[in-house]
Every structure is written in structure tokens, then in C-alpha cells.
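Okay, here's what each chain looks like letter by letter:
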Amino acid sequence: MASEQLGELFGRIHAGFRRTLSKGALLSDPGMLALHRRLLSVDPKKLVTRPLEETRFVVLDTETTGLQAYAGDEICSIALIEMQGFELTGREFNTLIFPGRKIPAASTRIHHLTDADVKDAPLIEEVMLEIADFIGESVLVGHHIGFDIRFLNRILQRELLCHLKHPWLDTMLLYLVHTGRVGHYTLEEVADYTKVEVQGRHTARGDAITTAEVFRRIAAVLTEYNNPVDKLIHRQYELGHF
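Here the focus is the overall build of the protein. When its secondary structure is counted, the protein shows 11 helices and 5 strands. Scored against the burial criterion, the 242 residues of the protein give a buried share of 48%. Looking at the protein alone, contacts between residues at least 24 apart form 72% of all its contacts between residues at least 6 apart. Accessible area of the protein: about 11800 Å², with a carbon and sulfur share of 55%.

Here we come to unusual backbone geometry. Of note, the phi angle at His-144 is positive, near 55°, even though the residue is not glycine. The residue His-144 is located in the loop between strand E4 (139–142) and helix H7 (145–160) in this model. Notably, His-202 is not glycine yet its phi reads approximately 65°, a positive angle. Looking at where His-202 falls in the secondary structure, it is placed in the loop between helix H9 (187–194) and helix H10 (204–222).

Turning our attention to the packing of aromatic side chains. Applying the stated criterion across every chain yields a total of 8 aromatic pairs. Where Phe-86 meets Phe-215, the ring centres are 5.6 Å apart and the plane angle is 90°; that geometry is what we call edge-to-face. Of this pair, Phe-86 sits in the loop between strand E2 (75–84) and strand E3 (87–96) while Phe-215 is found in helix H10, placing the two residues 129 residues apart along the sequence. According to the relative accessible area criterion, Phe-86 is buried, its value standing at 6%. The exposure class of Phe-215 is buried, given its relative accessible area of 0%. An aromatic cluster is present here, built from Phe-57, Phe-86, Phe-215 and Tyr-225 joined pairwise through their rings. The aromatic ring of Phe-134 is capped on one face by Arg-56, whose charged end is 5.5 Å from the ring centroid.

Cut-offs and rules
Residues numbered from 1 in each chain as written. Predicted model: local features only at pLDDT ≥ 70, side-chain atom pairs only at ≥ 80, totals over all residues. Heavy atoms only, no water. Helix = DSSP H or I, 4+ residues; strand = E, 2+ residues; numbered from the N terminus. Buried < 20%, exposed > 50% of the residue type's maximum accessible area, 1.4 Å probe, protein only. Contact = heavy atoms within 4.5 Å. Areas by Shrake-Rupley, 256 points an atom, 1.4 Å probe, with all protein chains shown as cover. Phe/Tyr/Trp six-rings, centres within 6.5 Å; stacked < 30°, edge-to-face > 60°. Lys NZ or Arg CZ within 6 Å of the ring centre and 35° of its normal.

Next up, the structure:
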């Protein structure tokens, strides 16, 4: 075995052992401690008082091994797309993730990711600094975003004893408010309503880009561009969805 392959193998074994440590063990790493402090320093009240046009949004999407964030399922792909106001900046973060467990066939049928696709990908802990750096001080956006946030918060709580404090906007809730409908609607259905072309469905990057375009169109008709973010956040709850 080549030395670089051997080094990679030992690195992955070491990363696996990290998952067996007690909660918060990574806080002994200076970089992770700095990340812990940075996440705790986020001021959501400050973020929601900015005008929409001056706000940095990060659109988030993940693909996972299953639906249960607190029952053993893991992230196997993540994408983050940056927006300034309602415009895409072109900046993004996108990576496969080694979930540390088999990807069930039922999940593969949805997102088409197999164990072979992710076997050389980093663990989520190994890219958490990059993810947190990209998110920075932003307002998060997603379709059914509570799902994605649960997965990230479980990892952050396990490794760094903290969680995301960032305000968020859910394009499905915004869609319900805009249409007056009730129920559960897929990204395809909302994209069709807003006349957004769906590309790369059930890939983290494809869904994030589609969600960003949906957000641009719905948000723009729900509130004025110079209004603060919290006005749009409050609007998403108008029909009583929590």
C-alpha cells in the first residue's frame, strides 16, 4: 500500500475513533474551541433587524441516510448557496460526506448516492469548520429546513456542545402563506408554482439552487425589499404552522 494511501487510512481510522469520545471532546482542539465560541456569539436579534436587501442568506440542503436525525441516520451530502439580498452571489460550498454507516437502498433510490460514492468523502466533523465558516453570520433558508438543521444541530451538540442560533426561513411555509393553502408540499410542487426549473433534484446542490430561486420569487411578493428580515420570518407563521 502506498504511503499516502496508508496515511489516509490511518486518518480515517483516527476520525472514526473521534466519534467514540465523550461529548465535547473536540473542544480540546483550539480550532474547534474557536468554532464553539463563534457559534455561541451569533446574535439572532441583530440578524433579523437588518433590511432584506442588506442581509446575507445561506440556502442549505442535505441528503442523508434516512429521516431520523436522532436515531442513527447521518448526512451523506451537503450544499450551501450564498445570497446577498435576493440575489445569488455565485459562492457555494458543496461536498459529499462519509456517513460512517451503510446507505440503505431505500435512500439510494431517492438521492442515488451509494456507499461507493461516499467511501472516500470526509466525515462531517472534518468539514464542520468549513461549513460554519461559510454559514458565518447569515439567515438560513431551506425547504423543510427544520430537517437539515436537526441533522447539523445533532452533530454540533455531540461534538461542540452547542447548536445553530441562526434565524431561518422555510420556503414551504412561505409558499403556504402566499397561496393560503394548508398541507405538505414538495420542492417540485412549489418550484412548479413559482415557475422555477428544477435541476439536479435530490442532490444537495441541485435542491439548494432550486430552493434559492423559489425563495427569490416568493419572498419578493410577501414583503418589501427594504423591510427587516423579521417581518418575513413572522409572515411564515401567519397560518399557524410551527
